[in-house]
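Summary of the model geometry
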Amino acid sequence: MMGTGKVAHIGVFTSGGDSPGMNAAIRAVVRGACAQGLRVTGFLGGYDGLVNGNFRAMGPRDVSNIIQRGGTILRTARSKAFMTAEGRARAASVLREQGIDGLIAIGGDGTFTGADIFFQEHGIPCVGLPGTIDNDLAGTDWTIGYDTAINTAVEAIDRIRDTASSHDRLFFVEVMGRDSGAIALDCAIAAGAEYVLVPEREEHFEQLISAILGSDGAKSSSIVVVAEGETEGGAFTIADQVKKRLPTKDIRVTVLGHVQRGGSPTVHDRVLASRLGIAAVDAILRGEHNCMMGMSHGKVVSSPFPQAIKGVRELDAELFRVLRFLAT
Ligand code: F6P
């Protein structure tokens with residue numbers, strides 16, 4: 001989407017669940033903007049920072065020594081105030097008082113939904129960067145933080161495998177992903193798991209049982225990766241059902257949880273965040289608004305927010321096939 005007015009002063013913030021690489025993205029936005037003569041203000045705590053006027057001016061030195069750090073120096077939140085028309089009106093007046101005429105938002109689908117409504121109501125342009133570990137946005141092959149999160153999860157599952165095989169145990173490992181099985185599926189392949197359960201697919205209990213037993217019925221230890229949002233009720237529920245069916249199996253459940261959200265970003269996430277951060281500044285300078293910058297086939301692309309949010313990011317059937325054959 002293209003606007004008309006020239007942007008001179010941008011606000012930047014992180015919103016929603018944090019993800020490794022958000023700091024690298026903030027750094028790229030601040031330095032890319034300052035290098036091109038823009039003023040930059042950082043808002044603290046996501047949309048709450050806009051609503052409450054919690055901000056600070058940012059220059060190139062304010063983002064030194066953060067590219068390697070997980071979390072977000074701007075902190076983040078899922079703002080309840082910004083979900084109300086009154087909260088958004090307060091945010092708009094804060095931006096107008098400060099002379100801020102454009103926003104760069106780093107977050108996920110909730111963040112971009114808010115930015116879209118904000119533009120319709122108050123006309124403040126926003127360009128988004130995909131900052132979420134879930135890799136669930138249609139407008140990009142990779143979200144910032146996904147690569148780090150899956151590497152963290154796989155390292156943990158490798159450790160679980162050591163103890164699983166020593167004790168001939170079956171482990172159910174729950175990974176993050178309330179609405180998306182992307183983390184679970186990639187981790188299952190990379191960690192050599194027997195099976196994966198994801199929110200996007202209906203489960204077939206008998207297939208799960210066969211995968212646990214192996215094609216010769218002789219597997220002694222197994223790993224099953226379960227996405228947090230999987231439809232049967234989570235790793236503990238599935239483990240109970242399997243125990244009833246295979247009572248002699250020694251079963252354990254591990255929930256990896258927020259360990260997946262922290263840590264130093266991988267090279268992939270740092271480079272992705274840096275490229276997309278500069279691209280977002282370029283886009284806002286070109287007058288684009290209400291679009292998310294993403295990476296497709298190695299090139300930076302831009303998609304309108306509604307498309308990036310609502311476009312179905314389907315899990316590739318080929319990946320399930322790979323897992324099935326490798327788990328025999
Ligand atoms: O959206 C990222 C994510 O980590 C999801 O995978 C997970 O379901 C959710 O955030 C957890 O949110 P919270 O940090 O509020 O517990």
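Report follows, based on the coordinates.

Calculation notes
Residues numbered from 1 in each chain as written. Predicted model: local features only at pLDDT ≥ 70, side-chain atom pairs only at ≥ 80, totals over all residues. Heavy atoms only, no water. Core = buried A, V, L, I, M, F, W, Y, C linked by side-chain atoms within 4.5 Å. Buried < 20%, exposed > 50% of the residue type's maximum accessible area, 1.4 Å probe, protein only. Helix = DSSP H or I, 4+ residues; strand = E, 2+ residues; numbered from the N terminus. Contact = heavy atoms within 4.5 Å. Pairing = 2+ DSSP bridges. Axes fitted to C-alpha atoms, helices over the stretch in contact; angles between N-to-C directions.

The next thing to look at is the nonpolar core. If you look at soluble globular proteins, the nonpolar side chains tend to sit buried side by side. Core analysis: the largest hydrophobic core is formed by 34 residues, its most contacted members being Ile10, Val12, Ile26, Met58, Ile104, Leu129 and Met293. Those elements that provide at least two residues to this core are β1 (9-14), α1 (22-35), β4 (102-107), β5 (126-130), α9 (267-285) and β10 (291-296). Here the element with the most residues in this core is α9; it accounts for 8 residues. Setting aside residues up to four positions removed in sequence, Val12 forms contacts with Val29, Val40, Thr41, Gly42, Phe43, Met58, Leu74, Ile104 and Ile106. Of all hydrophobic cores here, the second largest spans 31 residues; its members include Ala164, Ala184, Leu185 and Val225.

What follows covers the sheet that holds strand β7 (residues 195-197). Strand pairing in a sheet is mediated by backbone hydrogen bonds. Such pairs are either parallel or antiparallel. Read from one edge of the open sheet, 4 strands run β7-β8-β6-β9, paired in parallel fashion. The open sheet is flanked by β7 and β9 (251-255), the only strands paired with a single partner. Going from strand to strand, the sheet's axes swing by 20° on average, the running direction of each strand aside. Bridge count between β7 and strand β8 (residues 222-227): 3 bridges; the pairing is parallel. Paired with Val196 across the strands is Val225, a residue of β8. Packing against the sheet, helix α8 (residues 235-245) makes contact with β6 (170-175), β7, β8 and β9, and its axis sits at approximately 170° to β9.

Such coordinate-based values are descriptive only and should not be taken to indicate function.
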